[in-house]
Amino acid sequence: MNEQLDELPAALRRRLDEMAVQIGHGVGGTTGADVGRQAASRFVAWMTDTWTQTMTRDEHGVFVITGDIPAMWLRDSSAQLWPFLTMCDLPEVRHRICGVIARQWHCIGVDPYANAFNPGPTGAHFDEDDLDLADELWERKYEVDSLAFCVDLAWRYWQATASLDHLDDAVHWGCRSIVDLWCREQDHATRSTYRHVRPGEPADTLGADGSGTPVGRTGMTWSGFRPSDDACRYGYNIPAQFMAMRALREVGEFTRVWDDVQLARRAAQLAEEIEAGVTQYGIVDGHFAYEVDGLGSVLQMDDANMPSLLSLPLTSDLRADDPLHLATRAWVLGDANPYLYRGPAACGVGSPHSPAGYVWHIGLAVQGLTGDETEARSCLETILATDGGTGWTHESFDPADPTWFTRPWFSWSNSMACLLMMKVAGLDPLTGAS
């Protein structure tokens, strides 16, 4: 039975109020008191909403919906918790994050190829005609980053708390399963049995038989879908490869807790092979490509969904001052990126997942979080000014008229905006990051 977790503990309420004061001063110091008050109010509202409206407890842990869709995405539920990692001195926060981690690894145990899950074997699905659905799966789009996000959240929590309690047998088994899967998908054509077919929806079907477009063996690990849940045009999504490398390094650190030397060796070897593949195939014209197939085809773009090329300092071990990242960042935020959109109200990265010309609030948050102080403030001002009069962030919006937007309730986007507020106020939003 699912228990709605809709109470905000008094200690957490006090902490959010204290942080809101700092955010109000930090944001308002250069942008004006009105903007500072708006940021402080939105921070409390968005953090409270995530805590009280998106989570339920069941026998497997804490189930987290992403907002206006009644399913739990492994990626979204991880990023939704990032702002709370700064508050792990509060027992209620530690307990809640542990519950989410437990629920994520239960999901991975159900099916490591799935991206989104139901709150139990309800049989609800995004599309009932999908191939290979089980009752606990909302949909079964295989995305490398979904698994990497779960590893990364477990690692961030470990760094924030020094606790080992969450690194239990389920996580140990799950990490072995992930390494097995990523090794198998290095040779997708001959070793993988994964298929995704959505009858009547060619854009969500991976090629004629559901296996995707041809790829060469490169050392990288294949992914069927992007972080946006759109099908990959080419099977090696470069931001996902970077996140996999980070996750494999984190698995290697976990193995010291488990005394699993074999898993440590396998994770290190796989990370080296992926890195070699990215170096050989993923750099084009002096910056990182978005997708490649190892056969000569290259897709040059970036997508606002995270992990993105722009987000690599947040989602991978690539340093923000790395020359290749700086070159890639300049390309992503330039006119050559086909998904950089401009309008009177905003300029930012969008996605083929949303209407043409629409900018993403997550993309603006990522741009601010990976930029300097001036850029961070500018991106935050834009986010606050483009809520379409709703008081919430959205998936995407029309930069000519922000009252036109997609997804009225998108908790992941709210959390990313909260992280940006914390950065602007000097509150170290990425506790636990490398």
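Report follows, based on the coordinates. In this text, all values refer to a predicted model and were calculated from it rather than measured experimentally.

### Some points on the sheet that holds strand 15 (residues 396-398)
- Overall, antiparallel pairing links the three strands, which are arranged 14-15-16 in an open sheet. The sheet is open, and its two borders are formed by strand 14 (359-360) and strand 16 (401-406), each paired with just one other strand.
- As paired strands, strand 15 and strand 16 are joined by three bridges and run antiparallel to one another. Looking across to strand 16, one finds that Ser396 is bridged to Thr406.

### Observations concerning the side chain of Gln104
- By the secondary structure assignment, Gln104 is in helix 4 (residues 91-110).
- By relative accessible area, which is 0% here, Gln104 ends up buried.
- Within the structure, the side chain of Gln104 is placed 2.9 Å from the side chain of Ser77, a separation counted as a polar contact.
- The contact partners of Gln104, leaving out residues within four places of it in the chain, are Met72, Leu74, Ser77, Ser78, Cys150 and Leu153.

### A few points about helix 6 (residues 169-184)
- Under the 1.5 Å per step criterion, the end-to-end length of helix 6 is 22 Å for 16 residues, consistent within 8% with the ideal 22 Å.
- Where helix 6 begins, the side chain of Asp168 points an oxygen toward the backbone nitrogen of Ala170, at a separation of 3.2 Å.

### Overview of the pattern of salt bridges
- Under the counting rule described, the total for this entry stands at 31 salt bridges.
- Between Arg140 and Asp111 there is a salt bridge, and its shortest N-O distance comes to 2.5 Å. Of this pair, Arg140 sits in the loop between strand 6 (137-139) and helix 5 (144-161) while Asp111 sits in the loop between helix 4 and strand 5 (116-117); the two residues are 29 residues apart in sequence, bridging distant segments of the chain.
- For Arg226, the salt bridge goes to Glu291, with nearest N and O atoms at 2.6 Å. Of the two residues, Arg226 sits in the loop between helix 7 (188-191) and strand 7 (236-237) while Glu291 sits in strand 10 (residues 291-292), which places them 65 residues apart along the sequence.

### Quick look at the packing of aromatic side chains
- Scanning the model with the defined rule gives 14 aromatic pairs in all.
- Ring plane angle 20 degrees and centroid distance 6.2 Å describe the contact between Tyr142 and Trp222, whose orientation is recorded as stacked. Note that Tyr142 is positioned in the loop between strand 6 and helix 5 and Trp222 in the loop between helix 7 and strand 7, a separation of 80 residues in sequence. The same class applies to Tyr142 as to Trp222, namely buried.
- Ring geometry for Trp158 against Phe254: centres 5.6 Å apart, planes inclined by 50 degrees, an arrangement best described as tilted. One end of the pair, Trp158, is in helix 5; the other, Phe254, is in helix 8 (residues 238-258), with 96 residues separating them in the sequence.
- Here Phe254 falls in the buried class, since its relative accessible area comes to 0%.
- Lying over the aromatic face of Trp82, Arg156 brings its terminal NZ or CZ to 4.2 Å of the ring centre.

### Re the pairing of strand 3 (residues 61-64)
- Of the pairings in the sheet, the one linking strand 2 (residues 55-58) to strand 3 comprises four bridges and is antiparallel in character. Opposite Arg57, over in strand 3, you have Val62 as the bridge partner.
- Once strand 2 ends, the chain turns through two residues before running back antiparallel as strand 3.

Conventions adopted
Numbering of residues starts from 1 in each chain and follows the order in which that chain's sequence is written. Selection of residues for local features in this predicted model requires a pLDDT of at least 70, selection of side-chain atom pairs for listing and counting requires 80 or more, and totals for whole chains, interfaces and linings are taken over all residues. For side-chain calculations, the full set of non-hydrogen atoms in the structure is used, while hydrogens and water are omitted. One bridge is not enough; two strands pair if DSSP finds at least two bridges between them. Secondary structure elements are defined from DSSP: runs of H or I of at least 4 residues count as helices, runs of E of at least 2 residues count as strands, and each element is numbered from the N terminus. The buried label goes to any residue with under 20% of its type's maximum accessible area, the exposed label to any with over 50%, and the partly exposed label to all in between, with areas taken from a 1.4 Å probe on protein chains only. Nitrogen and oxygen atoms within 3.5 Å of one another constitute a polar contact, given that in protein one can donate a hydrogen and the other can accept it, and given that sequence-neighbouring residues count only through two side-chain atoms. By the convention used here, residues are in contact when the closest approach between their heavy atoms is within 4.5 Å. Given the number of residues in a helix, its expected span is that number minus one, multiplied by 1.5 Å. By convention in these notes, a salt bridge is any Lys or Arg side-chain nitrogen within 4 Å of a carboxyl oxygen on Asp or Glu. Each Phe, Tyr or Trp ring (for Trp, its six-membered ring) is paired with any other whose centre lies within 6.5 Å, and the angle between the two planes then decides the class: stacked below 30 degrees, edge-to-face above 60, tilted in between. We call a charge positioned above a ring when the Lys NZ or Arg CZ atom is no farther than 6 Å from the ring centre and deviates by at most 35 degrees from the ring normal.

None of the figures reported here should be taken as evidence of function without further support.
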